[in-house]
Amino acid sequence: MKVNTAQFMALYAWFGTIIFSIFVCVGQIIFALGALLNTFWLMDMGRFIFGIGGESLAVAQNTYAVSWFKGKELNLVFGLQLSMARIGSTVNMNIMGWIYSRVQDLLGYTGPSTLGLTLMIGGITCLFSLTCALILAYLDKRAEKLLCKEQGKTGEVIKLTDVKDFSLSLWLIFVICVCYYAAVFPFIGLGKVFFIEKFNFSSQEASAINSIVYIISAPMSPVFGLLVDKLGKNIIWVLCAVITTLASHIMLAFTFWNPWIAMCLLGVAYSLLACALWPMVAFVVPEHQLGTAYGFMQSIQNLGLAIIAIAAGMILDTRGYLFLEVFFSACVCLSLIAVVMLYFVNHLTGGDLNWSAKKREKLQKVAATDVLHCV
């Protein structure tokens, strides 16, 4: 279609964020209606539609973040995105039960009506998300006029076949992403019963320790994002996060030490990795390929998580929690190997993934000066 970068970004502004946010809203409404009508297949359909919008919306968010903040506070912005997401998850976990109880008191009985109305109330946040998408699209359109963005003059064409041109560094980033998150999200999904069975925790204690990863990531992600912005060296930070995560899983698998230690380490490492890993995509692909790259990364991550979740369930049913922890540790080891390979590939190809913040800023100023001289 010979779409240039300006048109591509406009697509994200008007089609991307707004349409995807509408999918989220419609999906949540259908989900709530399914509960209200006591029709489970309708709830399934609602979650399917919600997933189409939610995952695609994440791709648009990442592309927006890079468009506005590349070369400035990008790591901090990714940290803030993660922080807001985890705050939302934590609030949802703690407040929806209370809302359900209040609706039950209001109606005077339990049943599909109570659950349906509760989910409808929860859907208000989806409408707020859509409102934010509309405001963001307006701000981006306004900035394009006021700041005279040059993105429309690149002449680059957006193609799905861009995938075959992805560099080895980008593919290694994909591998790190899949293998690392495979050892975090599925573990948290199965963690509550693990803590009850291995450490004899009560249900409430198990829930508390299982949620500590998200609770820590909410305040720590922006802090780590700011730290990576100030110091640079993204690959080193990713390496530290992966090694810390491996230590956490080894402690949980082979010791009976207080699991709060391992879970707090996991929370810190998870926060650090997200801030340092996701912005690296913007350093290894051209701007017009960012949406494709982040979309591919998101897709591979979700496919990997789906496969790993099934495998984890089978291992747990047949072998138990020790083998499951060994499996998660093996996933982290694969991620560690990919990080080490990325370090050497980046070093040998003269890449900028591990530059210090000062060096990156200095070279950006030189490049900007060269552009001015050419003009």
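In what follows, the accompanying structure is described. (Residues numbered from 1 in each chain as written. Predicted model: local features only at pLDDT ≥ 70, side-chain atom pairs only at ≥ 80, totals over all residues. Heavy atoms only, no water.)

Quick word on the packing of helix α13 (residues 290-318) against helix α14 (residues 321-348)
Moving on, step 1. At a closest axis distance of 8 Å, the pairing of α13 and α14 adopts a crossing angle of 150°. Overall, the two elements α13 and α14 adopt an arrangement that is roughly antiparallel. Contacts from I308, A311, A312, I315 and L316 of α13 reach α14 at Y321, F323, L324, F327, F328 and C331.
Moving on, step 2. Per-class residue counts for the contact of α13 with α14 are 11 nonpolar, no polar and no charged. (Axes fitted to C-alpha atoms, helices over the stretch in contact; angles between N-to-C directions. Helix = DSSP H or I, 4+ residues; strand = E, 2+ residues; numbered from the N terminus. Parallel < 35°, antiparallel > 145°, perpendicular 65-115°, else oblique. Contact = heavy atoms within 4.5 Å. Nonpolar A, V, L, I, M, F, W, Y, C, P; charged D, E, K, R; others polar.)

Digging into the side chain of E325
Moving on, step 1. Tracing the backbone through its elements, the reader meets E325 in helix α14.
Moving on, step 2. An unpaired buried charge is present at E325: no salt bridge exists, and K198, the closest side chain of opposite charge, is 7.7 Å distant.
Moving on, step 3. Sequence-distant contacts of E325, defined by excluding residues within four places in its chain, comprise F187, F194, H249, L252 and A253. (Buried < 20%, exposed > 50% of the residue type's maximum accessible area, 1.4 Å probe, protein only. Lys, Arg positive; Asp, Glu negative; His and termini not counted. Salt bridge = Lys/Arg side-chain N within 4 Å of Asp/Glu carboxyl O.)

With respect to a nonpolar patch on the surface
Moving on, step 1. Together, I29, L33, L36, L37, L106, L107, Y109, L117 and M120 line one region of the surface with nonpolar side chains, adding up to about 790 Å² of accessible area.
Moving on, step 2. Looking at the nonpolar patch, the elements with two or more residues in it are α1 (5-36), α3 (74-107) and α4 (112-122).
Moving on, step 3. At three residues, the largest contribution of residues to the nonpolar patch is made by α1.
Moving on, step 4. For L37, the position within the fold is in the loop between α1 and α2 (40-69). (Patch = residues over 30% accessible without salt bridge, like charges linked within 9 Å, V, L, I, M, F, W, Y side chains within 5 Å. Areas by Shrake-Rupley, 256 points an atom, 1.4 Å probe, with all protein chains shown as cover.)

Looking at the packing of aromatic side chains
For any two aromatic rings, the description comes down to two numbers: the centre-to-centre distance and the angle of the planes.
Moving on, step 1. Under the defined criterion, the tally for this structure stands at 24 aromatic pairs.
Moving on, step 2. For the ring pair Y214 and Y270, a centre distance of 6.4 Å and an interplane angle of 50° mean the geometry is tilted. With Y214 in helix α9 (residues 212-231) and Y270 in helix α11 (residues 259-277), this residue pair connects regions lying 56 residues apart in the sequence.
Moving on, step 3. Given a relative accessible area of 12%, Y214 falls into the buried group.
Moving on, step 4. Three or more aromatic residues link up through ring pairs in this structure, and these residues are F187, F194, F195, F199, F201, F256, Y321, F327 and F328.
Moving on, step 5. The cationic tip of R47 hangs over the ring face of F50; the distance from NZ or CZ to the ring centre is 4.8 Å. (Phe/Tyr/Trp six-rings, centres within 6.5 Å; stacked < 30°, edge-to-face > 60°. Lys NZ or Arg CZ within 6 Å of the ring centre and 35° of its normal.)

Some details on the packing of helix α10 (residues 234-254) against α11
Moving on, step 1. Relative orientation of the contacting elements α10 and α11 amounts to 155°, with a least axis distance of 8 Å. It follows that α10 is roughly antiparallel to α11 by the angle criterion. Crossing of α10 over α11 shows left-handed handedness. Within the contact between the two elements, α10 uses N234, W237, V238, C240, A241, V242, T244, T245, S248, M251 and L252 and α11 uses P259, I261, A262, M263, L265, L266, A269, L272, L273, A276 and L277. (Left-handed = near helix turned anticlockwise from the far one by under 90°.)

Remember that the coordinates give geometry; whether it matters functionally is a separate question.
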